[in-house]
Amino acid sequence: MKKILVIGAVGQIGSELTMRLRQVYGAANVVAGYRKTEPSKELAESGPLERVDATDAARIAEIVKKYKIYTIYNMAALLSAVAEGNPVMAWNVGVGGVFNCLEVARENGCAVFFPSSIGAFGPTTPLDNTPQDTIQRPNTMYGVTKVTGELLSDYYFKKFGVDTRGLRYPGIISNVTLPGGGTTDYAVEIYYAAIKEKKFTCPLPAGTFLDMMYMPDALDAAIALMEADPARLKHRNAFNVTAMSFDPEIIAGEIKKHIPGFVMSYDIDPMKKAIADSWPNSMDDSCAREEWGWDPKWNLETMTADMLKVIGEKHAKGLI
Ligand code: AKB
């Protein structure tokens, strides 16, 4: 069985991706790489665990050789809002980390998965039905790192034949690990607030439409792309993928169907608003559908019912 290394395995996507990869490929074949935040008991006890900092190329190479790693999922990054406050670290992790993975992959014959984002677009990008191949002039440090990662991934494939593949993720909604410092985080926080307090203060204004996706689809997308027949891939890196697009009023309305007393008010975060305004309202993901069969299973209605059920159960048990 081909071995996998997940870097950033305690992050919002990384923590669930690692567990899913362990289910699919066998726990012993998936190494969870983490930097500082202690991993959950489940993550630590279900398979191999190593300290791996994306900015430390020698350590990545050491782990790749130790486990004979075949595929690296590089999930380490600072999210958009937090990256604005720490541009140096955002660059070092978001570009240095990608470069390190690609170099180690080139030397050791690995494949690399790179998660880009809707953040790779900017204010001059067409905001509705955003095409796969279009203008990318982001005005955030996060976006700059994501475009650079996309270009580096393309370069390493074309120049050195490294099997690089990647997705442009929208906001990812999940009920296991909280995101930290993203512009789309409100769409996760709203569910926790609805269960705990029946009210939520939204940092983005009504009318701010953004692409979103439920975590199970995000995990399926990464695995399906890495398993796809390379002969069908015309793009390889940075596939637009989306499952739904909504604004704060629409998600709040959906929550009210389950919790009629739920109330939402607004306290706009100007930085998050500016970032969200520069991102697509909705992306065209037809290339992903055509080239490797992308087909999301969850929509706003089914996701909301599941989020409220799972978070409600955790709350009832005193876990949150
Ligand atoms: C963020 O908001 O920074 C991320 C993203 C869309 O890439 N969730």
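Just so you know, these numbers come straight off a predicted model, no measurement behind them.

1. Thoughts on the sheet that holds strand 4 (residues 69–74)
Ordered in space as 3-2-1-4-5-7-11, the seven strands form an open sheet in which the pairing is parallel. Edge positions in the sheet fall to strand 3 (49–51) and strand 11 (239–240), since each has one partner strand and no second. Where strand 7 (residues 163–169) and strand 11 come together, two bridges link them in parallel fashion. In the sheet register, R168 faces strand 11, and the bridge partner there is N240.

2. Details of the site of the ligand
Close to the ligand lie L79, S80, S117, I118, Y142, P170, G171, G182, T183, T184 and W279. Within the side chain of S80, an N or O atom sits 2.6 Å from an oxygen atom of the ligand. At 2.6 Å, a side-chain N or O of Y142 approaches an oxygen atom of the ligand. In the complex, 94% of the free accessible area of the ligand, which totals 250 Å², lies under the protein chains. The cavity where the ligand resides is the largest pocket. In terms of residue class, the shell around the ligand is made up of five nonpolar, six polar and no charged.

3. Examining the environment of E249
Here E249 is to be found in helix 9 (residues 248–258). The exposure class assigned to E249 is partly exposed, which follows from its relative accessible area of 43%. On a C-alpha basis, the gap between E249 and Y191 in space is 13 Å, while along the polypeptide they are 58 residues apart. The contacts of E249, once residues within four sequence positions are left out, are A206, M264 and Y266. For E249, the side chain forms a polar contact with the side chain of Y266, separated by 2.5 Å.

4. A word on the packing of aromatic side chains
Tallying each qualifying case throughout the model produces nine aromatic pairs. Between Y214 and W298, the ring centres sit 4.8 Å apart and the planes meet at 75°, which makes this aromatic pair edge-to-face. Here W298 lies in the loop between helix 11 (286–292) and helix 12 (300–316) and Y214 lies in strand 10 (residues 210–214), a separation of 84 residues in the sequence. An angle of 75° between the planes, with centres 5.9 Å apart, marks the rings of F239 and W292 as edge-to-face. Of this pair, F239 sits in strand 11 while W292 sits in helix 11, and the two are 53 residues apart along the sequence. Exposure class is identical for F239 and W292. Each is buried. A cation sits over an aromatic face here: R106 above F160, 4.9 Å from the ring centre. Over the face of the ring belonging to F157 we find R236, whose NZ or CZ atom lies 3.9 Å from the ring centre.

5. Describing the layout of surface pockets
Considering only enclosed or pocket space, the largest pocket measures out at about 980 Å³ in volume. Every residue lining the largest pocket is counted, 45 residues in all, and those nearest its centre are G11, Q12, M75, A77 and L79. When residues of the lining of the largest pocket are traced back to their parent elements, those giving at least two are helix 1 (12–25), strand 2 (30–34), helix 4 (80–85), helix 5 (87–108), strand 5 (111–117), helix 6 (141–160) and strand 8 (171–173). Both domain 1 (3–170 + 213–240) and domain 2 (173–211 + 244–280 + 298–316) contribute no fewer than three residues apiece to the lining of the largest pocket. As a volume, the second largest pocket reaches approximately 410 Å³.

6. Re the domain arrangement of the chain
Here the chain is described as being made up of domain 1 (3–170 + 213–240) and domain 2 (173–211 + 244–280 + 298–316). On a C-alpha basis, the centroid separation for the pair domain 1 and domain 2 is 25 Å. Counting residues at the interface gives 26 residues for domain 1, matched by 28 residues for domain 2. Here domain 1 and domain 2 share an interface that buries about 2,100 Å² over both sides, 63% of which is from carbon and sulfur atoms.

7. Some remarks on empty space enclosed by the protein
Counted by the stated rule, this structure contains one cavity of 30 Å³ or more. Estimated volume of the largest cavity: approximately 30 Å³. Lining the largest cavity, in full, are A77, L78, A83, A90, G94, Y142, T145 and K146. Secondary-structure elements contributing two or more residues to the lining of the largest cavity are helix 5 and helix 6. With three residues, the single largest contributor to the lining of the largest cavity is helix 6. Each residue belonging to the lining of the largest cavity can be placed in one class, and the counts come to five nonpolar, two polar and one charged.

Reading guide: rules and limits
- Residues numbered from 1 in each chain as written.
- Predicted model: local features only at pLDDT ≥ 70, side-chain atom pairs only at ≥ 80, totals over all residues.
- Heavy atoms only, no water.
- Pairing = 2+ DSSP bridges.
- Helix = DSSP H or I, 4+ residues; strand = E, 2+ residues; numbered from the N terminus.
- Near = heavy atom within 4 Å.
- Polar contact = N/O pair within 3.5 Å; in protein donor to acceptor, adjacent residues only side chain to side chain.
- Areas by Shrake-Rupley, 256 points an atom, 1.4 Å probe, with all protein chains shown as cover.
- 1 Å grid on protein atoms, 1.4 Å probe; cavity = no way out; pocket = protein on both sides within 12 Å on 5 of 7 lines; lining within 4 Å.
- Sits in = over half its atoms within 2 Å of the grid points.
- Nonpolar A, V, L, I, M, F, W, Y, C, P; charged D, E, K, R; others polar.
- Buried < 20%, exposed > 50% of the residue type's maximum accessible area, 1.4 Å probe, protein only.
- Contact = heavy atoms within 4.5 Å.
- Phe/Tyr/Trp six-rings, centres within 6.5 Å; stacked < 30°, edge-to-face > 60°.
- Lys NZ or Arg CZ within 6 Å of the ring centre and 35° of its normal.
- Points joined across faces, edges and corners; volume = space filled by probe spheres on them.
- Domains from an automatic or database assignment.
- Buried area = accessible area lost by both parts, 1.4 Å probe.

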